[in-house]
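This is what each chain is made of:
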Amino acid sequence: MTQSVFLIGPMGAGKSTIGRLLSQELKFEFYDSDKVIEDRCGADIPWIFDKEGEAGFREREESVIDELTQQKGIVLSTGGGAVLRAENRQHLASRGTVIYLCTSVEQQLARTARDRNRPLLQTANPEAVLRKLFEERDPLYRSVADIIIETDQRNPRWVIQDLKKRLEGE
Ligand SMILES: Nc1ncnc2c1ncn2[C@@H]1O[C@H](COP(=O)(O)OP(=O)(O)O)[C@@H](O)[C@H]1O
Ligand SMILES: O=C(O)C1=C[C@@H](OP(=O)(O)O)[C@@H](O)[C@H](O)C1
Ligand SMILES: [Mg+2]
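From a predicted model like this one, the values you see are computed outputs, not experimental measurements.

## Describing the side chain of glutamine 108
Phase 1 of the analysis: Summarising the element assignment, glutamine 108 is placed in helix H5 (residues 105-112).
Phase 2 of the analysis: Among the residues examined, glutamine 108 registers a relative accessible area of 2% and is labelled buried.
Phase 3 of the analysis: Once you skip the residues sitting within four places of it in the chain, glutamine 108 turns out to touch Pro10, Met11, Thr103 and Leu130.

Shown next as structure tokens:
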């Protein structure tokens, strides 16, 4: 398996965590598009949203995804909104194996509760936001996914083992 692997899915699905572990298992280079954006900008995601708006963040995200998806033999964890732009969906779908990590809104809330780094969830009702995002984005995730993995009630190690088996069958 020499194709790159791209992880997509909603906030708290485990893309960043599982991407890193999977890259170690596969001995692939690991990238997290959010981290690359932050490093290049010299600021964190809340700062970018604050100063440039979500639109500014999406511009940065598109250019990083276009660049990174051209690399071979990497694991790339994307941000939850990476599938919003058609250009991103096309690059992800055509340049590697796309894995959709899905999880319930309840798990998303539990896993993101202590982390202040997600501006879209800094609201009085993060549950309503996550439900709306699910309605909008689940069809987009499905439209580009080669493999869909449920991560509720499964620890990251278990998810990796399942993923490795599924990737070998690809
Ligand atoms: N399968 C899992 N089971 C339990 N906790 C998880 C799982 N996957 C991720 N987590 C935890 O959830 C939090 C969010 O994970 P993260 O990888 O940042 O998600 P994402 O990048 O998809 O937003 C982290 O604290 C991580 O340790
Ligand atoms: O769902 C989204 O639109 C976002 C998800 C975040 O990444 P994670 O999915 O890794 O939390 C990050 O890219 C940004 O806060 C926007
Ligand atoms: Mg992440």
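## Section: the sheet that holds strand S2 (residues 29-32)
Phase 1 of the analysis: Across the sheet, five strands lie side by side as S2-S3-S1-S4-S5; this open sheet has parallel pairing. Of all the strands in the sheet, just S2 and strand S5 (147-150) have a single pairing partner and so form its edges. Across this sheet, the average inter-strand angle for adjacent strands is 20°, counted without regard to direction.
Phase 2 of the analysis: Direction of pairing for strand S1 (residues 4-8) relative to strand S4 (residues 96-102): parallel, over a ladder of five bridges. The partner of serine 4 across the bridge, within S4, is glycine 96.
Phase 3 of the analysis: Seen against the sheet, helix H1 (residues 15-26) touches S1, S2, strand S3 (74-77) and S4 and runs at an angle of roughly 175° to S3.

## Quick look at the UniProt feature "binding site: substrate" (unreviewed entry) in the chain
Phase 1 of the analysis: With numbering matched to this structure, UniProt assigns "binding site: substrate" (unreviewed entry) to Asp34, Arg58, Gly80 and Arg137.
Phase 2 of the analysis: Among the secondary structure elements, aspartate 34 is positioned in helix H2 (residues 33-41).
Phase 3 of the analysis: Ignoring sequence-local partners within four residues, the contact set of aspartate 34 consists of Ile45, Phe57, Glu61 and Gly79.
Phase 4 of the analysis: Setting aside residues no more than four positions away along its own chain, glycine 80 makes contact with Gly9, Pro10, Lys15, Arg137 and Tyr141.

## Considerations on the site of ligand 2
Phase 1 of the analysis: Every one of the 13 residues lining ligand 2 counts as a neighbour, but Lys15, Asp34, Arg58, Arg118 and Arg137 are closest to it.
Phase 2 of the analysis: In the model, an oxygen atom of ligand 2 is placed 2.7 Å from a nitrogen or oxygen of the arginine 58 side chain.
Phase 3 of the analysis: Protein coverage of the free-state accessible area of ligand 2, which is 390 Å², stands at 97%.
Phase 4 of the analysis: For the shell around ligand 2, the element with the most residues is helix H3 (residues 45-68), which contributes three residues.

## Digging into the site of ligand 1
Phase 1 of the analysis: Among the 14 residues in the neighbourhood of ligand 1, the closest are listed as Gly12, Lys15, Ser16, Thr17 and Arg154.
Phase 2 of the analysis: Between ligand 1 and the protein, one listed contact pairs an oxygen atom with a backbone N or O atom of glycine 14 at 2.9 Å.
Phase 3 of the analysis: One of the side-chain N or O atoms of arginine 118 is found 2.9 Å from an oxygen atom in ligand 1.
Phase 4 of the analysis: When ligand 1 sits alone it has 560 Å² of accessible area, and the protein chains cover 72% of it.

## Remarks on the packing of aromatic side chains
Phase 1 of the analysis: Under the criterion given, the structure shown has two aromatic pairs.
Phase 2 of the analysis: Centroid distance phenylalanine 49 to phenylalanine 57: 5.1 Å. Interplanar angle 40°. Geometry classified as tilted.
Phase 3 of the analysis: Overall, phenylalanine 49 belongs to the buried group, its relative accessible area being 15%.
Phase 4 of the analysis: Overall, the relative accessible area of 4% leaves phenylalanine 57 in the buried class.
Phase 5 of the analysis: Residues tyrosine 100 and tyrosine 141 carry aromatic rings whose centres are separated by 4.9 Å and whose planes lie at 35° to one another, so their mutual orientation is tilted. With tyrosine 100 in strand S4 and tyrosine 141 in helix H6 (residues 126-144), this pair connects stretches of sequence that are 41 residues apart.
Phase 6 of the analysis: Given the relative accessible area of 1%, tyrosine 100 is considered buried.
Phase 7 of the analysis: Among the residues examined, tyrosine 141 registers a relative accessible area of 2% and is labelled buried.

Parameters at a glance
- Residues numbered from 1 in each chain as written.
- Chains lettered and ligands numbered in written order.
- Predicted model: local features only at pLDDT ≥ 70, side-chain atom pairs only at ≥ 80, totals over all residues.
- Heavy atoms only, no water.
- Helix = DSSP H or I, 4+ residues; strand = E, 2+ residues; numbered from the N terminus.
- Buried < 20%, exposed > 50% of the residue type's maximum accessible area, 1.4 Å probe, protein only.
- Contact = heavy atoms within 4.5 Å.
- Pairing = 2+ DSSP bridges.
- Axes fitted to C-alpha atoms, helices over the stretch in contact; angles between N-to-C directions.
- UniProt positions renumbered as here; feature names shortened; annotations may be inferred.
- Near = heavy atom within 4 Å.
- Polar contact = N/O pair within 3.5 Å; in protein donor to acceptor, adjacent residues only side chain to side chain.
- Areas by Shrake-Rupley, 256 points an atom, 1.4 Å probe, with all protein chains shown as cover.
- Phe/Tyr/Trp six-rings, centres within 6.5 Å; stacked < 30°, edge-to-face > 60°.

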